[in-house]
Amino acid sequence: MKIRVSRFDPDRDSAPRTQELDVPGVEEGESVLGVLQRIRESLDSTLAFRFGCRFKGCGLCTVQIDGRPLPACMIHAKEGMQVGPLESFPVLRDLVVDRRPLAERFARQKLWLSPREHEKLATTFETPPASGALAKCTECLACVASCRSFDLGNESFGGPLAFVKLAQLHFDPRDDRDRRAEAKSLGVTTCLACQKRCACPLGVPIYRTAIEPLL
Ligand code: SF4
Ligand code: SF4
């Protein structure tokens, strides 16, 4: 199978370049991640890419596949496909992007559970149906890379994953912060003009279950 892969070595290259590869032994229905692993094993052991579980569970293998941000373990490889690093993030090497700036931003925005003071934390409680849908998020970053309003250097707009996290907290009865107000300060109303209903490869209905409840 012939594929084109974006390569970038910060020690040698001033800009990314495209490498064409003819990968032997690819089987019908094999995933893009499987093909990247074949390249490392049989053609070029220096190809850098990130993965964890290989089965849709960890969100680490997301790359641009023919221009769309998608987890490489979920997509069938096809002849002539182009694979590149996630857009909107700095490239560390080849297909590996730097996720730290976003993690640091989320830390500054305190996107974690803030339990009610002086209350014993409940261990069992009823959650609305939206929580189940939101729990499917693996933080794969595909929605972030597809949002045209998101800019890693501009913290005034949170972006789809921040809104998913804020909605998870908004629906959590143990959380004591006003997550709708926080979402508004992070520009959730920008989404009213877009209403793209951000596509999530894992099936999280981002606009309906995260953005709309925060508006
Ligand atoms: S909402 Fe979906 S696309 Fe966005 S980070 Fe979570 S799993 Fe990925
Ligand atoms: S609805 Fe909002 S988060 Fe989704 S793509 Fe549009 S601007 Fe981005």
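Remember, predicted model here, so these are calculated numbers, not experimental data. (Residues numbered from 1 in each chain as written. Chains lettered and ligands numbered in written order. Predicted model: local features only at pLDDT ≥ 70, side-chain atom pairs only at ≥ 80, totals over all residues.)

**Student:** Which residues make up the pairing of strand β4 (residues 68-71), and what values go with them?
**Tutor:** Bridge count for strand β3 (residues 62-65) against β4 is four bridges, and the pairing is antiparallel. Paired with T62 across the strands is P71, a residue of β4. Here β3 folds back onto β4, and the loop between the two strands holds two residues, one of which, D66, carries a positive phi near 50°. (Pairing = 2+ DSSP bridges. Helix = DSSP H or I, 4+ residues; strand = E, 2+ residues; numbered from the N terminus.)

**Student:** So what's going on with helix α1 (residues 32-43)? Residues and values would help.
**Tutor:** The terminal C-alpha atoms of α1, which comprises twelve residues, lie 15 Å apart, in line with the 16 Å expected from a rise of 1.5 Å per residue. Taken together, the buried positions of α1 are V32, L33, V35, L36 and I39. The buried residues of α1 occupy an angular sector of 165° when the element is viewed end-on, so they sit on one face. For α1, exposure combined with an orientation more than 90 degrees from the buried face picks out E41 and S42. Against β1 (2-7), β2 (17-22), β3 and β5 (82-84) lie the buried residues of α1. (Expected span 1.5 Å × (residues − 1). Buried ≥ 20, exposed ≤ 12 C-beta atoms within 10 Å, placed from the backbone. Arc of directions from axis to C-beta. Contact = placed C-beta atoms within 7 Å.)

**Student:** Describe in detail the site of ligand 2, supporting the description with residues and values.
**Tutor:** Near ligand 2 you find C147, S149, G159, P160, T190, C191, C194, Q195, K196, C198, Y207 and I211, and these make up its full shell. Contributing elements (two or more residues each) for the shell around ligand 2: α7 (190-194) and α8 (206-214). Of the residues forming the shell around ligand 2, the biggest block, three residues, is contributed by α7. For the shell around ligand 2, the class distribution of residues is seven nonpolar, four polar and one charged. (Near = placed C-beta within 6 Å. Nonpolar A, V, L, I, M, F, W, Y, C, P; charged D, E, K, R; others polar.)

**Student:** Describe the site of ligand 1, with residues and values.
**Tutor:** Taken together, 16 residues form the shell around ligand 1, and within it C137, C140, A142, C143 and C200 come nearest. Elements represented by at least two residues in the shell around ligand 1 include exactly α4 (142-146) and α5 (160-170). Residues that form the shell around ligand 1 fall into these classes: 13 nonpolar, two polar and one charged.

**Student:** Outline the domain arrangement of the chain, supporting the account with residue identities and numerical values.
**Tutor:** Each assigned domain of the chain is listed here: domain 1 (2-97) and domain 2 (100-214). Computed from C-alpha coordinates alone, the two centres of domain 1 and domain 2 are separated by 28 Å. Opposite the 13 residues of domain 1 that make contact, domain 2 presents twelve residues. Element by element, the count of residues in the side of domain 1 that touches domain 2 is highest for β4, at three residues. For the side of domain 1 that touches domain 2, the class distribution of residues is seven nonpolar, four polar and two charged. (Domains from an automatic or database assignment.)

**Student:** Break down the sheet that holds β1 for me, with residues and values.
**Tutor:** Here we have five strands laid out as an open sheet, ordered β2-β1-β5-β3-β4, and mixed in their pairing. The open sheet is flanked by β2 and β4, the only strands paired with a single partner. Pairs of neighbouring strands in the sheet enclose a mean axial angle of 35°, with direction left out of account. Strand direction decides the pairing type here: β1 and β2, joined by six bridges, are antiparallel. Among the inter-strand pairings, R4 is bridged to a residue of β2, identified as E20. (Axes fitted to C-alpha atoms, helices over the stretch in contact; angles between N-to-C directions.)

**Student:** Lay out the nonpolar core with the relevant residues and their values.
**Tutor:** Judged by nonpolar contacts, the single largest core of 51 residues is most densely connected at F163 and V164. For this core, the elements supplying multiple residues, two or more each, are β1, α1, β3, α3 (129-134), α4, α5 and α8. For this core, the element with the most residues is α5, which contributes seven residues. Dropping the residues within four chain positions of it, F163 is found in contact with G158, A183, V188, A210, I211 and L214. (Core = buried A, V, L, I, M, F, W, Y, C linked by C-beta atoms within 7 Å.)

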